[in-house]
Amino acid sequence: MSDMTTAGPREGATPLQRERARTIFQKGAPGRRAFTCPQLDVPAVDAKELLPARFRRERPPRLPEVSEPEIVRHYVGLSKRNFDLDSGFYPLGSCTMKHNPRLHERAAALAGHARLHPLQDPERAQGALELMWNLQGALSELAGLPYVSLQPSAGSHGELAGVLVTRAFHEQAGENRHKVLTPDTAHGTNPATVTMAGYEVVKLATNSDGGIDLEDLRAKADRDVACLMLTNPNTLGLFDANIVQIAEIVHGVGATLYYDGANLNAVMGLSRPGDMGFDIVHFNLHKSFTQPHGGGGPGSGPIAVSERVAPFLPVPLVVRRQDGSFDLDHGEGHAGSQSIGRLRGFHGNYGCFVRAYAYIRSLGGDGLKDASEAAVLNANYLLARLREQDVAQYLPLAYPRAGTGGPLCMHEFVLSGGPMKRELGVKTLDLAKRLLDFGFHPPTVYFPLLVDEALMVEPTETETRETLDAFAEATATILREAAEDPQLAQNAPYTTPVRRLDEVAAAKHPVIREVLDQ
Amino acid sequence: MSRYTAITPADLDAMLAAIGVASSQELFDRQIPEAVRLRRALELPDGMPEQDVYEHLRELAARNVSAEDELSFLGAGMYDHYVPALIDMLMERSEFLTPYTPYQPEISQGGLQVMFEYQTAISELTALPVANASVYEGPSAVAAAAYLAKLHNGGRRIVASAGLHPHTLQTLRTNAHGFGMEVVEVGLRDGVTDADAWAAALSADAGADVQAPVSAAIFAQPNFYGAVEDAAALAAAAKKEADPVVIAQVDPITLGILRPPGECGVDVAVGEGQSLGNRLDFGGPSFGLFAAREEYLRRMPGRIAGETVDVDGRRGFVLTLQTREQHIRREKATSNICTSQALNALAGVVYLSWLGRRGIVELGELLLARTDYARRTLAALPGVRAAHTQPVIREFALQLDADVAAVRTRCAREGVNPGADLHALSGRDEDRGGLLVAITERRSRADIDRLAQVLGAAVAAERERGSSGETGVPGEAAVTV
């Protein structure tokens, strides 16, 4: 890393920078191929008879014409233009970039999991159903809520499931509520979900402690409110200590309380959403439970719910029969079924279940609790190290809580780059881009929205103290060099495969596919 | 300390000193109220060494009968196509497996370019000019398209063909309830969407119970029963009756030979991408493809990669048109989707490159020929007939004169899974006795002949039993001889 810390404006380009980006569609030559089609082994029939001309494609799609070695070189080459968690520190707030054990990939690739068809008869998929049943049980225990649906495909999909379950709950009670409360610190998926579920968003203010403003909540909580969606710890990395009162107010008007599980990594085995009064929790198996993020998916977003909303869970559910075997309950044939129905095909992202389950069995109950403790310890240590390095002058903690003996955070913290921008002329974006030259993925930037020039840092439990030290030092170094020459940060990065990109032009005149000749 | 954390006792002391607390417990005691602390151990099994976890997962896998363990003709939405080895290798690369969404484009050019290439491939396949970087999977992609239609024209009626997969119809209904839309289902005639009923459902006076203005018209190509629909006629009829967004749920692997949606008057094409280089994985993760005409670009859900240049003029890629998305637009976003299916879409575009311009046609012709052979061979068996006479490419429905569940059980004993039980999936009365058979390039003529032998014997045995009045048949009683 020592040569990286001195990397700045350079004469000439790096080898990666000299490569002009060419897509697979710009490579190859007519007639090249990687695929060998199996021989036609059935009697030849006139293909035009089988598929009449009016249904036929006239010209083949212009897919690449490349050999297998070309494909491998191309995509391995592209992989080298990506930064990834296995290469370095990735403190992206709210995303829980913890280590992805390779055991999970090996287990998920076993043919009994990977080549299992979703319509295999339950009697002949007992291993898979048992795995799902066990995972449901573990998630239920972690949430402190009795029922689980594994169906949702991602956190946002879990949110949709949860709000639709809420809708069904109120409709069944004959109530036509139309508002959902979300704090102004909420993830963008919360208000977007509310709209998709046919509700109106009502925003709640944040108090000086970084929690929900109880007065605002009391004023807005009425019988028109269907639900309050909350993250706890919230997106400021702070645990809302008023959670019991919040739950009382929300339940007092008959609404449900929804837990956005994006920050569950702070509290596993330490505090449970169900015990806090939440009715619905979504999990991000790709955050807390090590499903690799894949460069933007796949994810998986199971939900756990309380008794009173359980009848409305999406189907299918994994159930255990009296003889101890497992089955899928599709909610059909039950006259009393009140399920909201399906949210997708089949049973959910099983491949993600295998990985999350492997993780839970590797760590066990105590190990999961240790993981959360270590995540919170690492975050507080990094916060302290940044303070020691005199970073706070330019990057203060956004909501330092007074009266607790010094500012603490849960598994992540949010700094404000406001002073840095005013005093050094360096924006949070500049700091983020300069961190790239130091070999780090930057923290989440400009979120939550209510913090000026926000920088949201989540180190996770799987990082070493040495890595946290190095990140704190790099941040301090960047601020020191910015005090001398702000342009260094303003023009960063210098060492990446491409330098700052023109996002405005990309959006103004969108080019979203390769232009092809015949 | 677990094997994935690294805090030694010495580290702990130094860290606590730096923070200024006496113990890590203090971090929680000072932040979480006592009333909501969990003061007991989680009731979960103890942790295990890696090798023991592997053995447990292997043992669970061994209790599943996978497509490796039997001769399987299951399809109905997910298919046992061959996944080339190079896809496994590329998907396991750290640089593709472990990053997050490419929020920092300067260090994510690989992933962003993959998205751009994927969008190009989907646009080519569908003959529609714009495609996003993928959504979750097939049925929810249809629901997402219906939401696009609502945003586009404000209508509330979704006219949906009964040829859509039952999971799609169910997903559509669940979502439509939230969107404030209603679903009007149009029945089939000889295996394809009934053209008269389709036109009637789309017309302004569709009946007293259907008042809402039409928003979307949706059909599947090929449909759930394997039949090739007259997509151009359906789209034209829809446009004649009303001005809906015409949505087709397509199967991308058929688009080497099948007239693409963009040439059939379709506005939005969505579909399940699993056929393209993705594993079965008991139903997921896979990806949903989403392509459209240009005018819908700014209402599309999900991530979109776009081309641009850096400060030195180098070609590069970024996430673009983000003002559609939840993290910017919040309650006004075109969708709540955040995570797409980047890794699965990578497999998709690598697969399409591997098949190539000629391969996708050759594969389509092979599937067409083998599927036709299979349908003719099986429909010639006593007690078995084709459920419809429409062209089929990779899948077809049969009608058995025997109880399907019992027949499937008999076949399973012979190591053959003859396909999906149609009635169990759709719940439709007319699907009783229905079997849906899928043929991939992994099923040779010899495999099909073996299916014919085993299925023929099973149907014969069940008919025998039905006529002799024996009881004890698993599942429902045998029907109509």
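Not measured: the values here are computed from a predicted model.

In this section: the overall build of chain B. Assigned secondary structure in chain B consists of 15 helices and 17 strands. Across the 481 residues that make up chain B, the buried fraction comes to 63%. Restricting the contact set of chain B to residue pairs at least 6 apart, pairs at least 24 apart contribute 73%.

What follows is about the overall build of chain A. When helices and strands are counted, chain A shows 17 helices and twelve strands. What you see for chain A is a C-alpha radius of gyration of 26 Å, in line with the 24 Å of a compact globule of 518 residues. Oriented by its inertia axes, the alpha-carbon framework of chain A measures out at about 80 × 65 × 45 Å. The proportion of buried residues among the 518 residues of chain A is 61%. Taking all contacts inside chain A whose residues are at least 6 apart in sequence as the whole, residues at least 24 apart take part in 75%.

Bringing the domain arrangement of chain B into the picture now. When the domains of chain B are assigned, the result is domain 1 (9-53), domain 2 (89-350) and domain 3 (357-468). Computed from C-alpha atoms alone, the centre-to-centre distance between domain 1 of chain B and domain 2 of chain B is 45 Å.

With 170 residues of chain B at the interface, the matching set in chain A holds 180 residues. At 23 residues, helix 12 (residues 342-379) of chain B tops the list of elements feeding residues into the side of chain B that touches chain A. Class assignment of the residues belonging to the side of chain B that touches chain A gives a composition of 81 nonpolar, 51 polar and 38 charged.

This brings us to the nonpolar core. Core analysis: the largest hydrophobic core is formed by 325 residues, its most contacted members being Val165 of chain A together with Ala146, Ile247, Leu346 and Val350 of chain B. Among the elements that line this core, the one with the most residues is helix 12 (residues 350-388) of chain A, at 22 residues. The contact partners of Val350 of chain B, leaving out residues within four places of it in the chain, are Ile71 and Tyr75 of chain A together with Leu86, Ile87, Leu90 and Gly277 of chain B.

The next thing to look at is the confidence of the model for chain A. With 97% of its residues at a pLDDT of at least 70, chain A reaches an overall mean of 95. Note on residues 1-5 of chain A: pLDDT is under 50 here. Beyond four places in sequence and across chains, it has eight contacts.

Our focus in this paragraph is the packing of helix 7 (residues 155-172) of chain A against helix 8 (residues 189-196) of chain A. All names here are of chain A. The interhelical angle for the contact between helix 7 and helix 8, taken along N-to-C directions, is 45°, at an axis separation of 9 Å. The angle between the axes of helix 7 and helix 8 places the two elements in the oblique class. Considering the relative orientation of helix 7 and helix 8, their crossing is right-handed. On helix 8, the residues that touch Gly155, Ser156, Glu159, Leu160 and Val163 of helix 7 are Thr189, Asn190, Thr193, Val194 and Met196.

Attention now goes to the domain arrangement of chain A. What the domain assignment lists for chain A is domain 1 (4-79) and domain 2 (104-358). Measuring from the centre of the C-alpha atoms in domain 1 of chain A to the corresponding centre in domain 2 of chain A gives 40 Å.

Next up on the list: the sheet that holds strand 16 (residues 420-421) of chain B. Note: strands within a sheet are paired through backbone hydrogen bonds, in either parallel or antiparallel orientation. All names here are of chain B. If you trace the four strands from one edge of the open sheet to the other, you get 13-14-17-16, paired in antiparallel fashion. Since the sheet does not close on itself, it has two edges, and those belong to strand 13 (384-386) and strand 16, each with one partner. Sheet analysis places strand 14 (residues 395-400) next to strand 17 (residues 434-438), joined by five bridges and oriented antiparallel. Counted as the bridge partner of Leu398 is Leu435 from strand 17.

Residue and element names in this part refer to chain A. The antiparallel open sheet is built from three strands, whose spatial order is 10-12-11. Edge positions in the sheet fall to strand 10 (413-416) and strand 11 (444-445), since each of these pairs with one other strand and no more. Examined bridge by bridge, strand 10 and strand 12 (residues 454-457) share four bridges and lie antiparallel to one another. Each bridged residue has a counterpart across the sheet, and for Leu415 the counterpart in strand 12 is Leu455.

Residues and elements named next belong to chain B. Where helix 9 (residues 195-202) meets helix 10 (residues 231-241), the axes come as close as 9 Å, and the angle between the chain directions of the two elements is 30°. With respect to helix 10, the element helix 9 is oriented roughly parallel. Helix 10 is crossed by helix 9, and the crossing has right-handed handedness. Where helix 9 abuts helix 10, its residues Ala195, Trp198, Ala199 and Leu202 lie against Ala233, Leu234, Ala237, Ala238 and Glu241. Classifying every residue of the contact of helix 9 with helix 10 gives eight nonpolar, no polar and one charged.

Right, let's get into the environment of Gly154 of chain B. Structurally, Gly154 of chain B can be placed in the loop between helix 7 (138-153) and strand 3 (157-161). Considered as a pair, Gly154 of chain B and Ser444 of chain B are 290 residues apart in the sequence and their alpha carbons are 49 Å apart.

Right, let's get into unusual backbone geometry. All names here are of chain A. The omega torsion across Asn232 and Pro233 is 0°, close enough to zero to call that bond cis. Within the secondary structure, Pro233 is located in the loop between strand 4 (225-230) and helix 10 (243-252). In the segment running from Gly297 into Pro298, the intervening peptide bond is cis, with an omega of 15°. Positionally, Pro298 belongs in the loop between strand 6 (280-282) and strand 7 (303-305). A positive phi is found at Tyr446, a non-glycine position, where the angle reads about 60°. Within the fold, Tyr446 resides in the loop between strand 11 and strand 12.

To continue, consider helix 7 of chain B. Along an α-helix, residues three or four apart share an orientation, since each turn contains 3.6 residues. Residues and elements named next belong to chain B. Look at helix 7: 23 Å from first C-alpha to last across 16 residues, which is about the 22 Å you get at 1.5 Å a residue. Burial of helix 7 is extensive: 13 of the 16 residues sit out of reach of the surface. Within two residues after helix 7, Gly154 carries a phi angle of roughly 75°, on the positive side.

On to the environment of Asn417 of chain B. As for its placement among the helices and strands, Asn417 of chain B is situated in strand 15 (residues 416-417). For the pair Asn417 of chain B and Val454 of chain B, spaced 37 residues apart in the sequence, the C-alpha separation amounts to 9.7 Å.

Once that is clear, we can look at the confidence of the model for chain B. Residues and elements named next belong to chain B. Residues at a pLDDT of 70 or more form 96% of chain B, whose mean pLDDT is 94. Confidence drops under a pLDDT of 50 for residues 472-481, and excluding neighbours within four residues, the segment shows 27 contacts in the predicted structure. What the predictor reports for the complex is a pTM of 0.97 with an ipTM of 0.97.

Turning next to the pairing of strand 4 of chain A. Residue and element names in this part refer to chain A. Judged by how many residues are buried, strand 4 sits mostly within the fold: six of six residues are covered. Sheet topology places strand 2 (residues 179-183) next to strand 4; three bridges connect them, and they run parallel. When the sheet's bridge partners are listed, Lys179 is paired in strand 4 with Val225. Pairing between strand 4 and strand 5 (residues 256-260): four bridges, direction parallel. Residue pairing for strand 5: Met229 is matched across the bridge by Tyr258. In this view, the connection linking strand 4 to its parallel neighbour strand 5 by way of helix 10 has right-handed handedness.

Structurally, Leu363 of chain B can be placed in helix 12. Along the chain, Leu363 of chain B and Asn344 of chain B lie 19 residues apart, while their C-alpha atoms are 21 Å from each other. The contact partners of Leu363 of chain B, leaving out residues within four places of it in the chain, are Cys37 of chain A together with Gly256, Leu355 and Glu441 of chain B.

So, on to helix 10 of chain A. All names here are of chain A. Restricting attention to buried positions, one finds in helix 10 the residues Ile243, Ile246 and Val250. Each buried residue of helix 10 lies within a common arc of 60° when the element is viewed along its axis, so the set occupies one face. In this structure, helix 10 carries Glu248 and Gly252 as exposed residues pointing more than 90 degrees from its buried face. Where helix 10 is buried, its residues touch helix 9 (214-220), strand 4, strand 5 and helix 11 (273-276). Taken from the residues just after helix 10, Gly254 is the one with a positive phi, measuring 80°.

Conventions adopted
In this convention, every chain numbers its residues from 1, walking through the sequence in written order. As they are written, the chains are lettered A onward and the ligands numbered 1 onward, keeping that order. Residue-level local features of this predicted model are given only where pLDDT is at least 70; pairs of side-chain atoms are given and counted only at 80 or more, and the full residue set underlies all totals for whole chains, interfaces and linings. In DSSP terms, a helix is any run of H or I states spanning at least four residues, a strand is any run of E spanning at least two, and both are numbered starting from the N terminus. Remark: C-beta atoms are placed from the backbone, and a residue is labelled buried if 20 or more other C-beta atoms sit within 10 Å of its own, exposed if 12 or fewer do, or partly exposed between those counts. We call two residues in contact when the distance between their C-beta atoms, placed using the backbone, is within 7 Å. Only C-alpha atoms enter the radius of gyration, while the globule expectation follows 2.2 Å times N to the 0.38, with N the number of residues. For each domain, the first and last residues come from an automatic or database assignment. Here the term charged refers only to Asp, Glu, Lys and Arg, the term nonpolar to Ala, Val, Leu, Ile, Met, Phe, Trp, Tyr, Cys and Pro, and the term polar to all other amino acids, Gly among them. We call a set of buried Ala, Val, Leu, Ile, Met, Phe, Trp, Tyr and Cys residues a nonpolar core when their C-beta atoms link them within 7 Å. Per-residue confidence from the prediction method is given by pLDDT, with values spanning 0 to 100. Under this scheme, a helix contributes an axis fitted over its contacting stretch, all axes are lines through C-alpha atoms, and angles between N-to-C directions fall in the 0 to 180 degree range. Roughly parallel refers to an angle under 35 degrees, roughly antiparallel to one over 145, roughly perpendicular to one between 65 and 115, and oblique to any angle outside these ranges. A crossing counts as left-handed when the near helix is turned anticlockwise from the far one by less than a right angle, and as right-handed when that turn is clockwise. In this scheme, strands are said to pair when DSSP sees at least two bridges between them. The length a helix should cover is 1.5 Å for every residue beyond the first. Crossover handedness is defined here as right-handed if the route from the first strand over the helix to the second strand goes clockwise, with the strands pointing away from the viewer. Note that the arc is defined by the directions from the helix axis to the C-beta atoms.

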